[in-house]
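# Overview (structure and organization)
Chain by chain, the residues run as shown.
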Amino acid sequence: MSSLEEICGGLPLQPLPGNRGRTKGVPHAPVRTPNLTAQEEKLALQNALRYFPPEVHKELALEFAEELKLYGHIYMYRFCPEIEMRAYPIEEYPCKIKSAAAIMHMIMNNLDPSVAQFPQELVTYGGNGQVFSNWAQFWLVMHYLSEITEEQTLVMYSGHPLGLFPSPRYAPRLIITNGMVIPNYSSRDEYEKMFAMGVTMYGQMTAGSYCYIGPQGIVHGTVLTVLNAGRRYLGVEDLAGRVFVTSGLGGMSGAQAKAAVIAGCVGIIAEVDEAALLKRYRQGWLMEITDSLDHCIARLRDARENKIILSLGYHGNVVDLWERLVYELDTTGEQLVDLGSDQTSCHNPFSGGYYPVQLSFEEANQLMSTNPGRFRTLVQESLRRQVAAINRLSDKGMFFWDYGNAFLLEAQRAGADVEKRGANKIEFRYPSYVQHIMGDIFSLGFGPFRWVCTSGDPQDLATTDLIATSVLQDAIHQGVSASVKQQYHDNIHWIREAGKHSLVVGSQARILYSDQKGRVAIAVAINRAIAEKRIKAPVVLSRDHHDVSGTDSPYRETSNIYDGSAFCADMAVQNFVGDAVRGATWVSLHNGGGVGWGEAINGGFGLVLDGSAEAEEQAKIMLSWDVSNGVARRCWSGNSHAYETICQAMEETGKLKVTLPHTVVDESILEQALHR
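Residues numbered from 1 in each chain as written. Predicted model: local features only at pLDDT ≥ 70, side-chain atom pairs only at ≥ 80, totals over all residues. Heavy atoms only, no water.

## A word on the overall build of the protein chain
When helices and strands are tallied, the protein chain shows 23 helices and 17 strands. Within the span of the protein chain, comprising 676 residues, buried residues form 63% of the whole. Contacts spanning at least 24 positions in sequence make up 71% of the contacts within the protein chain whose residues lie at least 6 apart. Counting only carbon and sulfur atoms, one obtains 51% of the accessible surface of the protein chain, whose full area is about 25800 Å². The average position of the 59 basic charges and that of the 75 acidic charges among the side chains of the protein chain differ by 1 Å. (Helix = DSSP H or I, 4+ residues; strand = E, 2+ residues; numbered from the N terminus. Buried < 20%, exposed > 50% of the residue type's maximum accessible area, 1.4 Å probe, protein only. Contact = heavy atoms within 4.5 Å. Areas by Shrake-Rupley, 256 points an atom, 1.4 Å probe, with all protein chains shown as cover. Lys, Arg positive; Asp, Glu negative; His and termini not counted. Charge placed at Lys NZ, Arg CZ, Asp CG, Glu CD.)

Structural data, given as structure tokens:
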């Protein structure tokens, strides 16, 4: 068993660790099919060996070539450390500066087997969201972080640590870019080749930025989505007896079962991977599991009729579940489902993100590597069947939304009936949850703010929960708009429920949808609690990249931008740079995330609060920018909520000056001008 000191000592070379290969009995990433040429295979091997001195090349070349042949990528399994991978208390990391230890804490949490989807392949979530490309990179990064000072920055190129470079104290200690490929070459096929050659990486969102906090990271957003869908489409505040059907329990999607319970409805979640299903059940995120559709429908009926809160995991394909619900409708006249969505990893549909209904889980994993073309055909056929069933239920009153996983986009590409006639190219028959449910929240400046207590002590997390609740209650008392007040009340309810539902998986973390004022106030209060020793160790502030300003993604985060700029990425890039110059401890910028490679640009940050006056000032200015950038952009696109929000921010912040749009009141002049 390795120690943290050994992990930080650099690549173990004398002697080389034994080649244990892949560990059996743990989930592994699907085999990749990069279709490399002979020259590209040689280059992939050469690129992997450059991490090692020549005297070990002969031994490593054989096994690396075998990995490339068997798995489509060189993960360097020999160098997978034997240490128990988890977020250790910050004091245990052998570092020169606390901020580096905090980053180590976050990295090891992303690779914790209780958190990560495929830990040995360094995949945190989403099927292909990498922390690093190979294990050599892990060892080098940990070594660099153990040596870094306040006058250096670690630079990361798509998982590769380029090195430590001199920088001033106020600069970020870590700058990450993932997948920054020239646009004309940013296709899925090119990505598979470049990843296999070890020159780029898909970091998803918080996988490659070291800020993942387990499925809790999406629970709050899912709770808000389900609650607001009930308010908007069912006209109810109380979801008792209402049925929500969806799929996916692997990574981020694992949050859906817990969210259904907190929202107070009946959640039926399909999952094809038994290991993922059992993992969530054992962690307490699922109340019940079954592999019987008959039992599934019987439990659904009982919970619906008796208004029983339930999360039921169905081990099977979601297409079978949707088609069974249609059968029940046709034979009994009963519409058994009120709300529906999907959280399969459709951003990666042909490499394990979506499993076609025609095959078993094992058959699909085999076919996707042995006959990718046939597998693609079956995936698209399955998508068409799934949409046909959803459409049938929707026609009878079910409300369905796209959860930003590229489900409708891939369904459209498969030829499914998802067209919305007369709409623009980012709209479908069913809305993205951002368009109809969460978009107004982003425009008000609310998004998935989060913090991690690096002491690893649950009592510190409980203290931060009390601090956040107090801050929100004070804000309500001082007076806020009706729309903001609703969000604050939802937030207070969320924090109180979070403590009851054992949401922590991995690091001691909390997520909270908050606005600019709330984020700054909570950060300042936590920082002062650290200074007063009420919290034992530094706290890392972060957020999901899926936020007000963090992501440009026309089929998700910016799907409610209608001025033609939904496909432009200035906001996310400016956010990355702006966070860096305003005091972030680390920043990241990624290609893809959520909806897939080439479909989005997104970025994130980490900010270490250590109780100092400097940390308080950095939090104030950086968090303010991190929200107001996106609100200003949404305002300029014509969103009235964002207009009101940014105007209020300008009143409260004298140095903030934003260009405001003028609305064309009489649109007839446009037609007159264009058709003279």
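## Focus on helix α8 (residues 255-263)
Most of α8 sits out of view: nine of its nine residues are buried. Taken residue by residue, α8 has Ala255, Gln256, Ala257, Lys258, Ala259, Ala260, Val261, Ile262 and Ala263 as its buried positions. In this fold, the buried residues of α8 make contact with α7 (216-234), β6 (243-247), β7 (266-271), β9 (310-315) and α18 (482-500). Of the residues trailing α8, Gly264 is marked for its positive phi of about 90 degrees.

## Remarks on the UniProt feature "domain: Urocanase N-terminal" (unreviewed entry) in the protein chain
Here the UniProt-annotated "domain: Urocanase N-terminal" (unreviewed entry) positions come out as residues 85-211. Taken as a whole, residues 85-211 contains 28% helix and 18% strand, while its terminal C-alpha atoms sit 16 Å from one another. (UniProt positions renumbered as here; feature names shortened; annotations may be inferred.)

## Observations regarding the pairing of β7
Burial of β7 is extensive: six of the six residues sit out of reach of the surface. Residue alternation in β7 divides its side chains into two sets, Val266, Ile268 and Ala270 and Gly267, Ile269 and Glu271, and both sets are buried. Bridge count between β6 and β7: five bridges; the pairing is parallel. For Ser247, the partnering residue across the bridge sits in β7 and is Ala270. As paired strands, β7 and β9 are joined by six bridges and run parallel to one another. Across the sheet, residue Val266 finds its bridge partner in β9, namely Leu310. (Pairing = 2+ DSSP bridges.)

## Details of the pattern of salt bridges
Two side chains carrying opposite charge are able to pair once their charged atoms lie near each other. Inspection of the entire model under this criterion finds 40 salt bridges. Between Glu557 and Arg556 there is a salt bridge, with the nearest N and O atoms lying 2.9 Å from each other. In this structure Arg556 comes out as buried when scored by relative accessible area, which is 9%. Note that Lys620 is salt-bridged to Glu616, the shortest N-O span being 3.3 Å. Placement of the pair is Lys620 and Glu616 together in helix α21 (residues 613-636), with a separation of four residues, close to one helical turn. (Salt bridge = Lys/Arg side-chain N within 4 Å of Asp/Glu carboxyl O.)

## Things to note about a nonpolar patch on the surface
Residues Val664, Ile669, Leu670 and Leu674 make up a contiguous nonpolar surface patch of roughly 370 Å² in combined accessible area. Looking at where Leu674 falls in the secondary structure, it is placed in helix α23 (residues 668-674). (Patch = residues over 30% accessible without salt bridge, like charges linked within 9 Å, V, L, I, M, F, W, Y side chains within 5 Å.)

## Structural notes on the packing of helix α19 (residues 516-531) against α21
α21 packs onto α19 with a crossing angle of 160 degrees between their chain directions and a minimal axis gap of 9 Å. Regarding the angle of α19 to α21, the classification is roughly antiparallel. α19 and α21 meet at a crossing whose hand is right-handed. Contacts between α19 and α21 pair Gln516, Arg519, Val520, Ala523, Val524, Asn527 and Arg528 from the former with Ala615, Glu616, Ala619, Lys620, Leu623, Ser624, Asp626, Val627 and Ser628 from the latter. A breakdown of the residues in the contact of α19 with α21 according to their chemical character gives seven nonpolar, four polar and five charged. (Axes fitted to C-alpha atoms, helices over the stretch in contact; angles between N-to-C directions. Parallel < 35°, antiparallel > 145°, perpendicular 65-115°, else oblique. Left-handed = near helix turned anticlockwise from the far one by under 90°. Nonpolar A, V, L, I, M, F, W, Y, C, P; charged D, E, K, R; others polar.)

## Some remarks on the nonpolar core
In this structure, Phe52, Phe64, Phe79, Phe138, Tyr210, Trp451 and Trp494 are the most contacted members of the largest nonpolar core, which totals 163 residues. The contacts of Phe79, once residues within four sequence positions are left out, are Leu11, Pro12, Leu16, Pro17, Phe52, Leu60, Phe64, Trp135 and Trp139. Membership of the second largest hydrophobic core comes to 57 residues, among which are Ile268, Tyr314, Phe350 and Tyr555. (Core = buried A, V, L, I, M, F, W, Y, C linked by side-chain atoms within 4.5 Å.)

## Overview of the side chain of Arg543
Tracing the backbone shows Arg543 in strand β14 (residues 539-543). You can call Arg543 buried: its relative accessible area is 1%. Here Asp547 takes part through its side chain, which lies 3.4 Å from a polar atom of the side chain of Arg543. At a separation of 2.6 Å, a polar atom in the side chain of Arg543 contacts the side chain of Asp626. Excluding residues within four positions of it along the chain, Arg543 makes contact with Thr206, Pro448, Phe449, Arg450, Arg519, Gly550, Asn575, Asp579, Gly603, Gly604, Phe605 and Asp626. (Polar contact = N/O pair within 3.5 Å; in protein donor to acceptor, adjacent residues only side chain to side chain.)

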